[in-house]
Amino acid sequence: MLQWPSLKVNPYGEPLLLPIYDVVDSVITQLEISKQVLLHAPTGAGKSTGLPLEILNKSRFNGRIIMLEPRRIAARSVAERLAEQLNEPVGRTVGYRMRLETKVSAHTRLEVVTEGILNRMLQQDPELSGVSLVILDEFHERSLQADLALALLLDVQEGLRDDLRILVMSATLDNQRLSSLLPEAPVVVSEGRSYPVIRSYHPLPAHLPFEQTVASSVLRLLQQEQGSLLLFLPGVKEIQRVQACLEDKIGSDTLLCPLYGALSLTEQRMAITPAPAGKRKVVLATNIAETSLTIEGIRLVVDSGLERTSRFEPRTGLTRLITQRVSQASMVQRAGRAGRLEAGVCWHLFSQEQAERAAEHSEPEILHADLSSLLLSLLQWGCRDSSQLRWLDNPPQAALTVARSLLVRLGALDDKQQLTARGWQMTESGCEPRLAAMLCLGKEQYDRQNSDRGMLATAAKLVAILEEPPRQRQPDLTHCLTANQPSWQQRSKQLFRELTGNTIASAADINVKYIAELLVQGFPDRIAKNRDNLGRFQLATGLGAVLEREEALSGETWLVAPLLQQGNKIPDARILLAYPLDIEQIIRQYPSLFTEQTAIEWDDNKGTLRAWKRLKCGRLTVRAQPLAKPSEAELQEALLNWVRQEGLAALNWSQEALQLRIRLQRAQEWLPETQWPTVDDDTLLTSLEQWLQPVLEGVRDLKGLRQVELSAALIGLLDWPQRQILDNELPANYTVPTGSRIGIEYFYDKPPVLSVKMQEMYGEQQNPAVAKGRVPVVVELLSPAQRPLQITQDLAAFWQGAYREVQKEMKGRYPKHLWPDDPANTAPTRRVKKYM
């Protein structure tokens, strides 16, 4: 039987009755009759620390309850608080699971887990055997893993476990959108327990340094009010700078405590525990402190109104860190931290107008994240098309395409887009795909060479470092490998043990000779070549990357840079961690990363073309060799590469060839019942071998290439029936009543036009038409001097109307030509009146 603690009290001696208790019965009732339930419970309601125990105690669920928390510090903090209420140690009735630490037992009925752990549990046991309820806490944060977890859980409910229950709860729930996704899910609303918070706006002066003005605001509020203070800043750099500004000015009775994700769990706990008697504290935090965590003693909040978030750019394959204004929902959350236990004060360091202009909710992570891990999870789930699952926001196709390409390069996918043997091994590691590929390479050598620990131990240490990069950035990874950071040691041992079945590795097993090979395995697109020995490099993708000029690695010819940060002010990415490469060794180890290309280039000095054979790594040239007399095949390949580089505009497009392209593109639109080749620029550039190469026989230079008649090349894309249909239905010429064959001009964005002397169209009652009569041809009627007189889409109407004005003017100007009173019933002519 669960034991309930005595009620806590606030500083005024009032009992802290959690508002969530008012809706416990309603939540439990709805969970027993509905598959999904949505709970809206504002900050301080007790949804994380009160409701789960009530469900354990009062519901009829026989299985375990899994509660998802978005962050490790929150998961452990919530589990400890729940266990404390039962007067039990963590790991008995209430336990937790996270990446580096697990405390559960056979008696555990409520497990608090982090996001990656829940998705691994689902993959290993899709039925979630023995689990009755999954709670998704703080769902408003809309993390990528939470969205994935919900999609998988809904799939489990539909196909495997109609008795499984899902409770989605949040402080700022987007009920309308969630209700659209889960139309049968009832919504339960709990009133928050929040003491009054006086919110005011204090914009910072733009001409002073940010850290100084923020520190001044903190000091001013500390002088005016009692209690501990929580300061929200966008990132670690700002925390460190503001902390430095405060250290010399703050009293000895006040503790400065940073709080951000990169800190160890021990350091994070120091920030959230109560201040010692007679002291207060200032917690300098990122948005990690917005929800889930209760920081004891806080009644003052200073909100910079900024947050730092990552944006994955599919075009570059890199993640950019941006600083942006927080949403209105986040502002409310931040202010609410001041009113958890008593009345509080919140200063927003921006104007009220800026607050009102801010977005209502934060953008979901799934819309701007690297989706390679998500795609790997979907493939492991057996889902090859993301649309097969139900999402609150569908994963963007552009990011999925980039993710698929990366998984192919890492060896996780085959040509049929199915998981390879290595791909399945990567899914079992629980790591991000690039890191998982490194572990797989180490495991393969371990299995192949009689338990040789060197490569796998090195891979495990590298993964631990890259999962939790060093705070003091030294770009050379060699320094990290020799460091004895406890979390790296713990994580690398854990990875090694999981992959080898409880075998232990030591620091002595790590071998630097494997570093380059392992990093190239996980980051083949991050191979970089020195551009100027001044710290400027070019990546295999073609992007630029930079090191500080003083760094020793800036003089290396080749690097692999696993950790990059896309800059905001400069186009080049900043290299945060790297390792030098022996490129010749990499060529031997990974020949598939390199391609030989023959290229033709214009030599400005000699005024002629030269042929080169180059060994390329992506966009990087490893070595180049001039070709004195290239073969016909090499020359043709080089010419095609030159066209790809310069674009189709570099070719000599005759009017006939341009018109043929337009006719083919309009045929796709006007005659869709026939299959037509695609002839847009991108398609033609990727299919040069199909249409251009067949007409390159005997062409040995640019002059010859530019003499190629491209209409003949394009017509080769058509079979005989297609040619007949094109010539009959979209003809290049039209025979007018006099027998003259006049060219029809086609356009991409308007109807075709026939330009013909007016006299040759006498007697015609209607405009000609193409595409089986579906598209009328615009007729441009010309004077005897070939100048436009009238453009019409209705000849009959023109003869009866506007022709009279044309007749009056033209009779005097061209008296030798025929200008009849009844052109609709006059025979057409090419002659002047004298010869008629």
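Residues numbered from 1 in each chain as written. Predicted model: local features only at pLDDT ≥ 70, side-chain atom pairs only at ≥ 80, totals over all residues. Heavy atoms only, no water.

**Student:** I tried to follow the overall build of the chain on my own but got confused; where do I start?
**Tutor:** Per the secondary structure count, the chain includes 29 helices and 31 strands. Over its C-alpha trace the chain gives a radius of gyration of 36 Å, far above what one expects of a compact globule, namely 28 Å for 836 residues. For the chain, the spread of C-alpha atoms along the three principal axes comes to 120 × 65 × 60 Å. Counting the 836 residues in the chain, one finds 53% classified as buried. Taking the contacts inside the chain whose residues are at least 6 apart along the sequence as the reference set, 67% of them involve residues at least 24 apart. (Helix = DSSP H or I, 4+ residues; strand = E, 2+ residues; numbered from the N terminus. Rg over C-alpha atoms; globule rule 2.2 N^0.38 Å. Buried < 20%, exposed > 50% of the residue type's maximum accessible area, 1.4 Å probe, protein only. Contact = heavy atoms within 4.5 Å.)

**Student:** I keep staring at a positive patch on the surface and nothing clicks. Help me out?
**Tutor:** A cluster of basic side chains, namely Lys237, Arg241, Arg473 and Arg574, defines a positive patch on the protein surface. Its place among the elements puts Lys237 in helix 8 (residues 236–247). On the basis of relative accessibility, which here comes to 46%, the residue Lys237 falls in the partly exposed class. (Patch = residues over 30% accessible without salt bridge, like charges linked within 9 Å, V, L, I, M, F, W, Y side chains within 5 Å. Areas by Shrake-Rupley, 256 points an atom, 1.4 Å probe, with all protein chains shown as cover. Salt bridge = Lys/Arg side-chain N within 4 Å of Asp/Glu carboxyl O. Lys, Arg positive; Asp, Glu negative; His and termini not counted. Charge placed at Lys NZ, Arg CZ, Asp CG, Glu CD.)

**Student:** Looking at this model, I keep getting lost on the sheet that holds strand 27 (residues 753–757). Mind explaining?
**Tutor:** Paired through backbone hydrogen bonds, the strands of a sheet run either parallel or antiparallel to each other. An order of 25-26-27-30-31 is seen for the five strands of this open sheet, with the pairing classed as mixed. The sheet is open, and its two borders are formed by strand 25 (733–735) and strand 31 (788–792), each paired with just one other strand. Across the sheet, the axes of successive neighbouring strands diverge by a mean angle of 30 degrees, strand direction being ignored. Two strands pair when backbone bridges link them, and strand 27 and strand 30 (residues 778–782) are joined in this way by five bridges, in the parallel orientation. (Pairing = 2+ DSSP bridges. Axes fitted to C-alpha atoms, helices over the stretch in contact; angles between N-to-C directions.)

**Student:** Even after reading the chapter, I still don't get the pairing of strand 27, so can you show me in this structure?
**Tutor:** Looking along a regular strand, one sees the side chains alternate between the two faces of the sheet. Pairing of strand 26 (residues 741–745) with strand 27, which is carried by two bridges, proceeds in the antiparallel orientation. Counted as the bridge partner of Glu745 is Val753 from strand 27.

**Student:** Teacher, can you tell me more about the domain arrangement of the chain here?
**Tutor:** It is common to report an interface's size as the accessible area lost on association of the parts. Split by domain assignment, the chain resolves into domain 1 (19–189), domain 2 (197–367), domain 3 (649–729) and domain 4 (733–825). Distance between the C-alpha centres of domain 1 and domain 3: 60 Å. (Domains from an automatic or database assignment.)

**Student:** Would you explain the packing of helix 12 (residues 372–381) against helix 14 (residues 421–429) in this entry?
**Tutor:** Working note: a packed helix pair is described by the angle between its axes plus the distance between those axes. Helix 14 packs onto helix 12 with a crossing angle of 110 degrees between their chain directions and a minimal axis gap of 10 Å. If you check the angle between helix 12 and helix 14, you find them roughly perpendicular. For the pair formed by helix 12 and helix 14, the contact residues are Leu376, Leu379 and Gln380 on the first element and Gly423, Trp424, Met426 and Thr427 on the second. Tallied by class, residues from the contact of helix 12 with helix 14 come to four nonpolar, three polar and no charged. (Parallel < 35°, antiparallel > 145°, perpendicular 65-115°, else oblique. Nonpolar A, V, L, I, M, F, W, Y, C, P; charged D, E, K, R; others polar.)

**Student:** Honestly, the nonpolar core in this entry has me stumped. Any pointers?
**Tutor:** Taken as a class, soluble globular proteins show a tendency for nonpolar side chains to be buried jointly. Ranked by internal contacts, the top residues of the largest apolar core, which has 99 residues, are Leu118, Val134, Leu136, Leu150 and Leu519. Looking at which element gives the most residues to this core, the answer is helix 5 (residues 144–159), with 10 residues. Residues within four places of Leu118 in sequence aside, it is in contact with Ile66, Leu68, Val113, Val134, Leu136 and Ala149. (Core = buried A, V, L, I, M, F, W, Y, C linked by side-chain atoms within 4.5 Å.)

**Student:** Hey, could you run me through unusual backbone geometry in this one?
**Tutor:** What is expected of a backbone is that most residues other than glycine have negative phi and most peptide bonds are trans. With a phi angle near 55 degrees, Ala771 is a residue other than glycine that sits in the positive phi range. Turning to its location among the elements, Ala771 is positioned in the loop between strand 28 (769–770) and strand 29 (775–776). The backbone of Lys772 sits at a positive phi, close to 60 degrees, despite the residue not being glycine. Among the secondary structure elements, Lys772 is positioned in the loop between strand 28 and strand 29.

**Student:** I would appreciate a short explanation of the pattern of salt bridges in the present structure.
**Tutor:** Side-chain pairs of opposite charge can arise where the charged atoms are in close proximity. Within the structure shown, the criterion is met by 37 salt bridges. For the salt bridge of Glu444 with Arg422, the shortest nitrogen-to-oxygen distance reads 2.8 Å. A residue pair is termed long-range when its members are at least 10 positions apart, and Glu444 in helix 15 (residues 433–448) and Arg422 in helix 14 qualify at 22 residues. Taken together, the salt bridges that share partners define one network made up of Asp25, Glu54 and Lys58.

**Student:** I tried to follow the environment of Gln655 on my own but got confused; where do I start?
**Tutor:** Relative to the elements of secondary structure, Gln655 occurs in helix 22 (residues 655–670). Taking the C-alpha atoms as reference, Gln655 lies 9.1 Å from Ser711; in sequence the two are 56 residues apart.

**Student:** Explain the sheet that holds strand 4 (residues 102–103) here, please?
**Tutor:** The strand order across the open sheet formed by eight strands is 4-3-5-2-6-7-1-8, and the pairing between neighbours is mixed. For this open sheet the edge positions go to strand 4 and strand 8 (187–189), each flanked by a neighbour on one side alone. For strand 2 (residues 64–69) and strand 6 (residues 131–136), the ladder comprises five bridges, and the chain directions are parallel. Counted as the bridge partner of Leu68 is Leu136 from strand 6. Taken strand by strand, helix 5 contacts strand 1 (36–40), strand 2, strand 6 and strand 7 (165–170), and its axis lies near 155 degrees from that of strand 7.

**Student:** It is not clear to me how the packing of aromatic side chains should be interpreted in this structure. Could you clarify?
**Tutor:** To describe a pair of aromatic rings, one takes the distance between the centres and the angle between the planes. Evaluation of the coordinates by the stated rule reveals seven aromatic pairs. Residues Trp799 and Tyr803 carry aromatic rings whose centres are separated by 5.7 Å and whose planes lie at 80 degrees to one another, so their mutual orientation is edge-to-face. Take Trp799: its relative accessible area is 2%, and that puts it in the buried class. Sitting above the plane of the Phe747 ring, Lys750 keeps its charged end 4.5 Å from the centroid. (Phe/Tyr/Trp six-rings, centres within 6.5 Å; stacked < 30°, edge-to-face > 60°. Lys NZ or Arg CZ within 6 Å of the ring centre and 35° of its normal.)

**Student:** For this particular structure, what's the right way to read the pairing of strand 20 (residues 558–566)?
**Tutor:** Where burial is concerned, most of strand 20 is hidden: eight out of the nine residues are buried. When strand 17 (residues 527–530) meets strand 20, the two strands line up antiparallel, connected through three bridges. For Ala528, the partnering residue across the bridge sits in strand 20 and is Leu559. The sheet contact formed by strand 20 and strand 21 (residues 573–580) spans six bridges and is antiparallel. Of the residues in strand 21, the one forming a bridge with Leu559 is Pro580.

**Student:** Could you clarify how one ought to interpret helix 3 (residues 72–85) in this entry?
**Tutor:** Three or four residues apart is the spacing at which side chains of an α-helix point the same way, because the helix has 3.6 residues per turn. Between its first and last C-alpha atoms helix 3 spans 20 Å; for 14 residues at 1.5 Å apiece the expected length is 20 Å, and the two agree. In terms of residue burial, helix 3 counts as a mostly covered element, since 10 of its 14 residues are buried. Turning to helix 3, its buried residues number three or more, namely Ile73, Ala74, Ala75, Arg76, Ser77, Val78, Ala79, Leu82, Ala83 and Gln85. Downstream of helix 3 by a residue or two, Asn87 has a phi angle that is positive, lying close to 55 degrees. (Expected span 1.5 Å × (residues − 1).)

**Student:** Where do I start with the environment of Gln636 in this structure?
**Tutor:** Tracing the backbone shows Gln636 in helix 21 (residues 632–646). Gln636 gets classed as buried once you look at its relative accessible area, which sits at 11%. The spatial distance from the C-alpha of Gln636 to the C-alpha of Ala460 is 47 Å, given a sequence separation of 176 residues. Residue contacts for Gln636: discarding those within four places in its chain leaves Gln693, Leu696 and Glu697. There is a polar contact of 3.0 Å between the side chain of Gln636 and the side chain of Gln693. (Polar contact = N/O pair within 3.5 Å; in protein donor to acceptor, adjacent residues only side chain to side chain.)

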